[in-house]
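# Examining the three-dimensional arrangement
Here is what each chain is made of, one letter per residue.
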Amino acid sequence: MSPRFVRFVVPGKPEPQRRPRFSRHGAHVVTYSSSKDTSYADRIRWAWRQAGSVDFGQASLELSVTAVFARPKAHWLVSGELSSAGIFAGLHHRSSPDLSNIIKALEDALNRLAYVDDRQICSYGEARKVWTLTPDEAPRLEIALTSLEVGE
């Protein structure tokens, strides 16, 4: 019987998938990936392993993602309440990085581990970027993968 659901959290600031860089060496083109991409992918894989290394095989999947970002210090008063800047900013994180690039980094990191290929992700549940709710709350990426296969 295949797994139906896994939820896990990647601690630390959510990171986007960065664009590869190219360099020409004579007739050859060399591709470079950012070392930040590699270390963030490793953090995602570590969190997935801590959650039990759930492998969905070739099942169709739904992915839900919540990227939680730490608010800037200007959003907080000394009392721990939101400042006027924090209230004005609201709950949702509207600045960089793009949510789609955060999701792409996650999808690529779990290829050949949680699923055969990220094209198996047929549906997105909740996908959002939000600010932390308290000054001491840690930034993180919350992930839920659900199998869409019926009768398993």
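Structure: see above.
Residues numbered from 1 in each chain as written. Predicted model: local features only at pLDDT ≥ 70, side-chain atom pairs only at ≥ 80, totals over all residues. Heavy atoms only, no water.

What follows deals with the overall build of the protein chain. Broken down by element type, the protein chain carries 3 helices and 6 strands. Counting from the amino terminus, the protein chain carries its helices and strands in the arrangement β-β-β-α-β-α-α-β-β. Counting across all 152 residues of the protein chain, residues that qualify as buried make up 36%. Considering only residue pairs separated by 6 or more positions, the protein chain has 82% of its internal contacts joining residues 24 or more positions apart. (Helix = DSSP H or I, 4+ residues; strand = E, 2+ residues; numbered from the N terminus. Buried < 20%, exposed > 50% of the residue type's maximum accessible area, 1.4 Å probe, protein only. Contact = heavy atoms within 4.5 Å.)

Ranked by size, the top nonpolar core spans 30 residues in total, and within it Phe8, Val10, Leu63, Leu110, Leu141 and Leu145 carry the most contacts. If we ignore the near neighbours within four places in the chain, the residues touching Phe8 are Ile44, Ala47, Trp48, Ala51, Leu110, Leu141, Glu142 and Ile143. (Core = buried A, V, L, I, M, F, W, Y, C linked by side-chain atoms within 4.5 Å.)

Counted according to the given criterion, the structure contains 7 salt bridges. The closest approach of N and O atoms between Glu126 and Arg128, which form a salt bridge, is 3.2 Å. Given the relative accessible area of 44%, Glu126 is considered partly exposed. The exposure class of Arg128 is partly exposed, given its relative accessible area of 29%. Where Arg140 meets Glu137, a salt bridge forms, and the shortest distance between an N and an O atom there is 2.8 Å. (Salt bridge = Lys/Arg side-chain N within 4 Å of Asp/Glu carboxyl O.)

Within strand β4 (residues 61-69), 8 of the 9 residues are buried, leaving the element largely enclosed by the surrounding structure. The sheet contact formed by β4 and strand β5 (residues 121-131) spans 8 bridges and is parallel. The partner of Leu61 across the bridge, within β5, is Ile121. Two elements, β4 and strand β6 (residues 140-147), share 8 bridges in a ladder whose sense is antiparallel. When the sheet's bridge partners are listed, Leu61 is paired in β6 with Ser147. (Pairing = 2+ DSSP bridges.)

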